[in-house]
Amino acid sequence: MLALGKLLELTLAGREPAEKTQLTVEGVRMRWLSEGALEVKPPEARDNGLDLLLSAGIHGNETAPIELLDRLLHDIARGDLKPRARILFLFGNPEAIRRGERFVEQDVNRLFNGRHELSGGPEALRACELERLAASFFNRPERSRLHYDLHTAIRGSKIEQFALYPWKEGRAHSRRELARLRAAGMEAVLLQNKPSIVFSAYTYDQLGAESFTLELGKARPFGQNEGVNVSLLETRLQQIIEGNEPALDDGLELDGLQLFSVAREIIKHSDSFRLNLPADIENFSELEKGYVLAEDIAQTRWVIEEEGARIIFPNPKVKNGLRAGILIVPATDENLI
């Protein structure tokens with residue numbers, strides 16, 4: 001196996017490879033760009049016009065997605081997986097990955113779309129570098145652009161595998177891409193309806209990619225991910241990489257995929273913020289109308305008014321000014337294209 005296929009090993013050791021570029025016997029070029037960043041380019045005659053960005057480890061303790069990308073890279077380096085797409089593999093926060101922590105000083109996935117410019121420290125610099133790497137990768141005109149940012153969640157979830165689809169004014173969500181996600185094992189998709197500061201929102205908004213944050217299960221340490229079943233996603237990624245993905249019917253009914261939209265974001269304004277939920281509550285837990293979800297300074301209260309409301313990503317420990325949870329409601333597919 002080519003040494004550059006061991007990107008995770010290099011990243012965990014904090015080492016640069018001796019050779020920055022290597023070729024497989026089939027002529028696939030692997031090029032080390034930066035710490036945790038590797039470009040894979042097929043021979044020109046095999047290139048099908050897709051640019052695929054696969055990122056994981058934006059949160060360093062979410063290891064199942066990191067292991068998934070590691071397996072794909074090994075297969076490419078051994079010649080078992082023969083790409084027809086250009087691919088950029090990114091391990092988002094190398095120092096946090098080495099420490100086995102979500103982040104070191106601040107959450108990298110709250111530092112995109114200009115937020116890193118308002119901050120400082122190594123993780124702000126890393127967010128800036130990730131934007132630069134993505135922008136450089138997605139700089140070729142007239143090519144398809146797809147980005148999957150792979151995560152696992154802090155807590156359990158009543159819907160274990162789901163995706164978040166970013167939003168941009170004047171741009172509709174794609175039924176075809178949702179069908180692809182369903183085939184990859186996603187059970188639900190949150191159709192966002194406002195700008196965001198996460199990595200997938202940057203590549204969707206600024207770089208024109210079809211971009212998604214994928215939540216694949218619960219975060220566990222390296223080697224303890226038997227309970228995180230990514231087999232459908234792994235198979236679909238192999239097919240996308242090799243250009244032999246089964247045809248998707250644009251008119252299909254999405255095969256039971258549950259759709260949600262954002263009703264409200266719960267923003268923590270002060271240290272007085274209180275989230276009235278059990279510490280172990282699962283994502284997609286339903287909330288009854290009239291329930292006082294959260295309270296903060298100046299008698300601020302978030303009371304459930306929506307039918308079918310559910311909570312995802314509740315986290316009262318975030319910094320003041322950041323999102324402490326998302327209130328979601330069921331959505332329809334009427335605005336898809």
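Residues numbered from 1 in each chain as written. Predicted model: local features only at pLDDT ≥ 70, side-chain atom pairs only at ≥ 80, totals over all residues. Heavy atoms only, no water.

The name given to the chain in an unreviewed UniProt entry is Succinylglutamate desuccinylase, with the source organism recorded as Pseudomonas citrulli. Its UniProt record gives the chain the following Function (unreviewed entry) comment, quoted word for word: "Transforms N(2)-succinylglutamate into succinate and glutamate." Under the Catalytic activity (unreviewed entry) heading, UniProt states for the chain: "N-succinyl-L-glutamate + H2O = L-glutamate + succinate". (UniProt positions renumbered as here; feature names shortened; annotations may be inferred.)

Chemist: So what about the overall build of the chain? Which residues, and what values?
Modeler: Assigned secondary structure in the chain consists of seven helices and 16 strands. Compactness check: the chain gives a C-alpha radius of gyration of 20 Å against a globular reference of 20 Å for 337 residues, within 12% of the reference. With respect to the principal axes defined by its C-alpha atoms, the chain has extents near 65 × 45 × 40 Å. Here the chain holds 337 residues, and 55% of them are scored as buried. Nonlocal contacts in the chain, meaning residues at least 24 apart in sequence, comprise 73% of its contacts between residues at least 6 apart. Here the chain carries 43 positive and 52 negative side-chain charges, and the mean point of each set is 3 Å from the other. (Helix = DSSP H or I, 4+ residues; strand = E, 2+ residues; numbered from the N terminus. Rg over C-alpha atoms; globule rule 2.2 N^0.38 Å. Buried < 20%, exposed > 50% of the residue type's maximum accessible area, 1.4 Å probe, protein only. Contact = heavy atoms within 4.5 Å. Lys, Arg positive; Asp, Glu negative; His and termini not counted. Charge placed at Lys NZ, Arg CZ, Asp CG, Glu CD.)

Chemist: Please provide a residue-by-residue account of the packing of aromatic side chains, values included.
Modeler: In total, this model carries nine aromatic pairs according to the counting rule given. Ring geometry for F137 against F138: centres 5.2 Å apart, planes inclined by 55°, an arrangement best described as tilted. Each member of the pair, F137 as well as F138, carries the same accessibility label: buried. (Phe/Tyr/Trp six-rings, centres within 6.5 Å; stacked < 30°, edge-to-face > 60°.)

Chemist: Tell me about the environment of R301, and please be specific about residues and values.
Modeler: Summarising the element assignment, R301 is placed in strand β14 (residues 300–303). Sequence separation between R301 and I266 is 35 residues; the distance between their C-alpha atoms is 9.9 Å.

Chemist: Report on the UniProt feature "domain: Succinylglutamate desuccinylase/Aspartoacylase catalytic" (unreviewed entry) in the chain, specifying residues and quantitative values.
Modeler: Per the UniProt record, "domain: Succinylglutamate desuccinylase/Aspartoacylase catalytic" (unreviewed entry) is found at residues 49–238. The span residues 49–238 is 33% helix and 21% strand, and its two end C-alpha atoms sit 16 Å from each other.

Chemist: Could you give me a rundown of the UniProt feature "binding site: Zn(2+)" (unreviewed entry) in the chain, with the residues and numbers involved?
Modeler: Residues given the UniProt feature "binding site: Zn(2+)" (unreviewed entry) here are H59, E62 and H151. Judged by maximum C-alpha separation, these annotated positions cover 93 residues in sequence but sit close together in space, the widest gap being only 7.6 Å. Looking at where H59 falls in the secondary structure, it is placed in the loop between β4 (50–56) and α2 (63–78). Of the residues examined, H59 reaches a relative accessible area of 4% and is grouped as buried. Residues within four places of H59 in sequence aside, it is in contact with E101, R102, D107, N109 and H151. Among the polar contacts listed, one links the side chain of H59 to the side chain of E62, at a separation of 3.0 Å. Note on placement: E62 falls in the loop between β4 and α2. For E62, a relative accessible area of 2% puts it in the buried group. Those residues within four positions of E62 in sequence are excluded, and the remaining contacts are R102, H151, T152 and A219. (Polar contact = N/O pair within 3.5 Å; in protein donor to acceptor, adjacent residues only side chain to side chain.)

Chemist: Residues and numbers for the pairing of strand β5 (residues 86–91), please.
Modeler: With respect to burial, β5 is a largely interior element, six of its six residues being buried. Residues R86, L88 and L90 line one face of β5 and the alternating positions I87, F89 and F91 line the opposite face, and both faces are buried. In this sheet, β5 lies alongside strand β3 (residues 37–41) in antiparallel orientation, the contact comprising four bridges. Bridge pairing in β5 links V40 to I87. In terms of strand pairing, β4 meets β5 through six bridges, oriented parallel. Paired with A56 across the two strands is F91, which belongs to β5. What joins β4 to β5 is α2, and the crossover it makes is right-handed. (Pairing = 2+ DSSP bridges. Right-handed = clockwise from strand over helix to strand, strands pointing away.)

Chemist: Can you tell me about unusual backbone geometry, naming the residues and giving the values?
Modeler: Look at D255: it is not a glycine, yet its phi comes out positive at around 50°. Assignment of secondary structure puts D255 in the loop between α7 (231–242) and β10 (258–267). Note on D255: relative accessible area 60%, which makes it exposed. In this model, F313 sits at a positive phi of 55°, which is unusual for a non-glycine residue. With respect to the helices and strands, the residue F313 is situated in the loop between β15 (310–312) and β16 (323–330).

Chemist: Describe the environment of R110, and please don't skip the residues or the numbers.
Modeler: Mapping R110 onto the fold places it in the loop between α3 (94–99) and α4 (122–137). In this structure the C-alpha to C-alpha distance between R110 and L38, which are 72 residues apart in sequence, comes to 23 Å. Beyond its immediate chain neighbours, meaning those up to four positions away, R110 contacts R115, I197, V198 and R323.

Chemist: With reference to specific residues and values, describe the packing of α2 against α7.
Modeler: Contact pair α2 / α7: the axes reach a minimum separation of 11 Å and the direction vectors enclose 40°. As summarised for this structure, α2 and α7 are arranged oblique, according to the angle between their axes. The chirality of how α2 crosses α7 is right-handed. Contact residues: L68, R71, L72 and D75 in α2; L233, E234, L237, Q238 and I241 in α7. Split into classes, the residues belonging to the contact of α2 with α7 amount to five nonpolar, one polar and three charged. (Axes fitted to C-alpha atoms, helices over the stretch in contact; angles between N-to-C directions. Parallel < 35°, antiparallel > 145°, perpendicular 65-115°, else oblique. Left-handed = near helix turned anticlockwise from the far one by under 90°. Nonpolar A, V, L, I, M, F, W, Y, C, P; charged D, E, K, R; others polar.)

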